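Read off the chains here:
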Amino acid sequence: AVLMHRFFLFAVASGRALASSGPEILECSAAWSDYKELLINAGDRFWEDDEVQHQSLEIVSNWLPYLCADGCHSTRDLRFDFIYALHNHCTDSPNFFRYIVRHYFVNENRNFSPPDFSPDFCWGAVVTALSSVALSSMNSQPRQALRLLFVAWNLLGAYFVFDWSESASWPARAALVLHNMHQETASLSPAEEEHPGETDASMYMRLLSWHGTIEVAKPFAPIYSFPLLDEVGEHQPLTIWQACIHSSTAGEAKTVVTDFLKHEFPIDFRGNSLATQLCGNYGICAAAHVAEELEPLVMWGEEIPFESKVVYFKTTQAFQDARNADVTMCSIPAWWCNLFAVASKPLLAFIGLPILQYVPESERQVFLSNFMVLVQNPRHVFLANNVYLAEEIAWQTGLRLPAIRILGLHTEAVYTPKRSEVLVARPGTSGALAECVMRRFLDRTPQFPFSFTQFQDLFSSSQEDPAKAREIYNVTLKFEVLASFQAAVMLPYDTSLMLLWEFYAMGVPLFVPRQLWRWLFGQHTRQDLATQVKDYMFDTPSPFFNPYEPLDLERARFWTRYTDWALLPHLQYFRSIADLLEQLMACDFGSVSALMKQFTALSVVRNVEVWRRVMQRLHAAILL
């Protein structure tokens, strides 16, 4: 296992092995080779070696002033000149400027001015040296040890943006740093476990089951399974009035019930999505008058009290439209569920983001109390669009909603690998250095048969600067284009993503980092949304994480298993860039795609059955 981190072996199609050391951005210049040799000889517990410790102390003494001022006693002392040293290797990377420069310089009102000369800084060596000195002094100087681990953690970067340590031969890893920040005695971090989708594909289906959810517990009497009839006995469609600010979740519901259940349950789905860029994918765009009326509810934000928003909503034609429907539907934001409930109609809630998003802190306890009343009302049906969110809501309220996974069938595209490239799909800030690191690996492996295309590069055909192109809600890309790559590398930036579900639905082979805990930060895990119902304490740790504090590794690994990245079967996990390149050359893309399509087909059958149950419940609710 140690040697796997020292050398990079690629199996080519002919069976020949091609050995390659990592690029200089990770392995550094020859000036650091003596220190690396000491570390290799020392083994996993390198901090216990006297020679390593002596050299590590010297490195820390030399480079600590480069990393922070005045002895690194507070976050105000931190310096970021090391980013210039990394930039020297990444001058051809638009993502370096798009994300890293923006985050560390533009957003902080700092000037990004690379010097004419940068010192020979080695990221991996300095993180290792800081870790070595810290771990060797945890018993004798615990405060000093924690301070040095904090500096090492800072070098990992916001959202771990600089951490590609798994792709380098330096022994210090992010997991080692984080693990020991929560320990009293130095120790190795626990080994990475396999993900549920690799070992137990049935776990996903079990977590999607209605067993143990609030919907099963409701004292719901009749199951009305036939279409409504009008006064003369003709089939009368069920009218659903819906409104949202993000189309995908409500659009998924509409796609399934209107495409697969239209003969059993005629539906008049009156969509009113304000997400004008994407609502057309599902045919749920709001009429002009509805958009105009609902827009103030978005623009007011958290400044206007909820009761005032209710008063305003009742004056709108949208409210009357909701009153004239059989069912009202909410999704994103969740607080609109509480708002639409004033229409006094059965409510279909398909939640897609944390329930406290856009709810002011002063109103959260009242919101949660009212939300729980709605969830338990037998006239309403409450669902979550992913397992993580369902577990998160249970942690906040004690009520577990059924989860119905997004299928992404709206793409209407299928994996057709016409291109020779592999797509790197929207990295976000956490994956900003990936473009540079991948390019430097390919510089050293000319035999590699594929090239990488960055997601942003696809926008250049529309005369946009790829470094400035809008990635989210960009309507210039066609799903057929995304389905034409050999495979896609996805670097998660949330616990679930619409893009993941869309790629999976199309059957595009997906390659994902194995260390999923490191990619956990996103909308679903925002620490500012972590309020629980008063006096309620769930018996699991919080699913919310603060990216500006050292990550609790054990807690992150616990919650990672509820993400779609861990639960979906047939995802291909890579430990390092070298491992990724090797897997890409060895993978039978067609077979992987076929397995993904097979799982999607099974999921369609299951989802249709679940949505059939939802429609039965809504028909019954109308009669109550």
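Placed above this text is the structure.
Now for a description of the structure that goes with this document.

Scoring rules and cut-offs
- Residues numbered from 1 in each chain as written.
- Predicted model: local features only at pLDDT ≥ 70, side-chain atom pairs only at ≥ 80, totals over all residues.
- Heavy atoms only, no water.
- Salt bridge = Lys/Arg side-chain N within 4 Å of Asp/Glu carboxyl O.
- Buried < 20%, exposed > 50% of the residue type's maximum accessible area, 1.4 Å probe, protein only.
- Helix = DSSP H or I, 4+ residues; strand = E, 2+ residues; numbered from the N terminus.
- Contact = heavy atoms within 4.5 Å.
- Pairing = 2+ DSSP bridges.
- Right-handed = clockwise from strand over helix to strand, strands pointing away.
- Axes fitted to C-alpha atoms, helices over the stretch in contact; angles between N-to-C directions.
- Parallel < 35°, antiparallel > 145°, perpendicular 65-115°, else oblique.
- Disulfide = S-S within 2.5 Å.
- Arc of directions from axis to C-beta.
- Phe/Tyr/Trp six-rings, centres within 6.5 Å; stacked < 30°, edge-to-face > 60°.

**Things to note about the pattern of salt bridges**
For the structure on display, the rule yields 19 salt bridges. One salt bridge connects Glu48 with Arg45, and the closest N-O pair in it is separated by 2.8 Å. What makes Glu48 partly exposed here is its relative accessible area of 48%. For Arg45, a relative accessible area of 34% gives the class partly exposed. With its nearest N and O atoms 3.0 Å apart, the salt bridge here joins Asp268 to Arg270. Connected through shared salt-bridge partners, Asp92, Glu435, Arg439, Arg440 and Asp443 make up one network.

**Side note on the side chain of Thr495**
For Thr495, the location among the structural elements is in the loop between strand E12 (487-490) and helix H21 (498-506). Setting aside anything within four residues of it in sequence, one finds Thr495 in contact with Tyr388, Leu520, His524, Thr525, Thr563, Asp564 and Trp565.

**Concerning the pairing of strand E5 (residues 238-242)**
By the criterion of burial, E5 is predominantly enclosed, with 5 of the 5 residues buried. By the alternation rule, side chains of E5 split into Leu238, Ile240 and Gln242 and Thr239 and Trp241, which are all buried. Summarising the sheet, E5 and strand E6 (residues 267-270) pair through 4 bridges and their orientation is parallel. Pairing of Ile240 across the sheet is with Phe269, part of E6. As a crossover connection, the stretch from E5 through helix H12 (residues 247-260) into E6 is right-handed.

**Observations regarding the sheet that holds strand E7 (residues 327-330)**
What links the strands of a sheet is backbone hydrogen bonding, and the strands pair in either a parallel or an antiparallel sense. Taken in spatial order, the 5 strands of this open sheet run E6-E5-E7-E8-E9, and their pairing is parallel. Sheet topology places E6 and strand E9 (381-384) at the edges, where each strand pairs with a single neighbour. Strand after strand, the sheet turns through a mean of 20° between neighbouring axes, direction not considered.

**A look at H21**
Of all the 9 residues making up H21, 9 are buried; the element is thus mostly covered by neighbouring parts of the structure. If you check which residues of H21 are buried, you get Met498, Leu499, Leu500, Trp501, Glu502, Phe503, Tyr504, Ala505 and Met506. Just downstream of H21, Gly507 is the residue with a positive phi angle, here 80°.

**Focus: the packing of helix H13 (residues 288-299) against helix H14 (residues 306-313)**
Packing of H13 against H14 brings their axes to within 11 Å, and their N-to-C directions diverge by 175°. Taken as axis vectors, H13 and H14 run roughly antiparallel relative to one another. Judged by residue contacts, Glu292, Glu293, Leu294, Pro296 and Leu297 of H13 engage Lys309, Tyr312 and Phe313 from H14.

**Comments concerning the state of the cysteines**
Applying the stated criterion across every chain, the model contains 5 disulfides. Shown here is the disulfide that connects Cys90 with Cys436, its sulfur atoms set 2.1 Å apart. Measuring the twist about the S-S bond at about -80°, one finds the Cys90-Cys436 disulfide to be left-handed. Here the residue Cys90 occupies a position in the loop between helix H4 (82-87) and helix H5 (94-106), and Cys436 occupies one in helix H19 (residues 434-444), the gap between them amounting to 346 residues. As far as the burial class goes, Cys90 and Cys436 line up, both buried. Disulfide partner of Cys330: Cys337, at an S-S distance of 2.0 Å. Torsion about the S-S bond of the Cys330 and Cys337 cystine: about 100°, corresponding to right-handed handedness.

**Considering the side chain of Ser248**
Within the element layout of this structure, Ser248 appears in helix H12. Those residues in contact with Ser248 that sit more than four places away from it in its chain are Tyr282 and Met498.

**Quick notes on helix H15 (residues 317-324)**
Within the sequence span of H15, burial applies to Ala318, Phe319, Asp321 and Ala322. Down the axis of H15, the buried set is contained in an arc of 160°. They therefore lie on one face. On its buried face, H15 is in contact with E5, H13, H14 and E7.

**Quick look at the sheet that holds strand E10 (residues 422-425)**
What the 5 strands build is an open sheet, ordered E11-E10-E12-E13-E14; its pairing is parallel. With one partner strand each, in any of the chains shown, strand E11 (452-454) and strand E14 (572-574) form the two edges of the open sheet. Across the sheet, the mean angle from the axis of one strand to that of its neighbour is 30°, orientation sign disregarded. As paired strands, E10 and E11 are joined by 3 bridges and run parallel to one another. By the bridge assignment for E11, Val424 is matched with Gln454. H21 rests against E10, E12 and strand E13 (510-513) of the sheet, and its axis sits at about 160° to E12. Lying over the sheet, helix H24 (residues 577-586) contacts E10, E11, E12, E13 and E14, oriented at roughly 145° with respect to E14.

**Some points on the packing of aromatic side chains**
Going through the model one piece at a time under the given rule, you end up with 43 aromatic pairs. Plain terms: the ring middles of Phe150 and Trp153 are 5.2 Å apart, the flat faces sit at 45° to each other, and that makes the pair tilted. Placement of the pair is Phe150 and Trp153 together in helix H7 (residues 142-156), with a separation of 3 residues, close to one helical turn. A residue is classified by how much of its surface remains accessible, and Phe150, at 25% relative accessible area, is partly exposed. Between Phe160 and Trp517, the ring centres sit 5.8 Å apart and the planes meet at 90°, which makes this aromatic pair edge-to-face. With a gap of 357 residues between them, Phe160 in the loop between H7 and helix H8 (174-181) and Trp517 in the loop between E13 and helix H22 (553-560) connect regions that are remote in the sequence.

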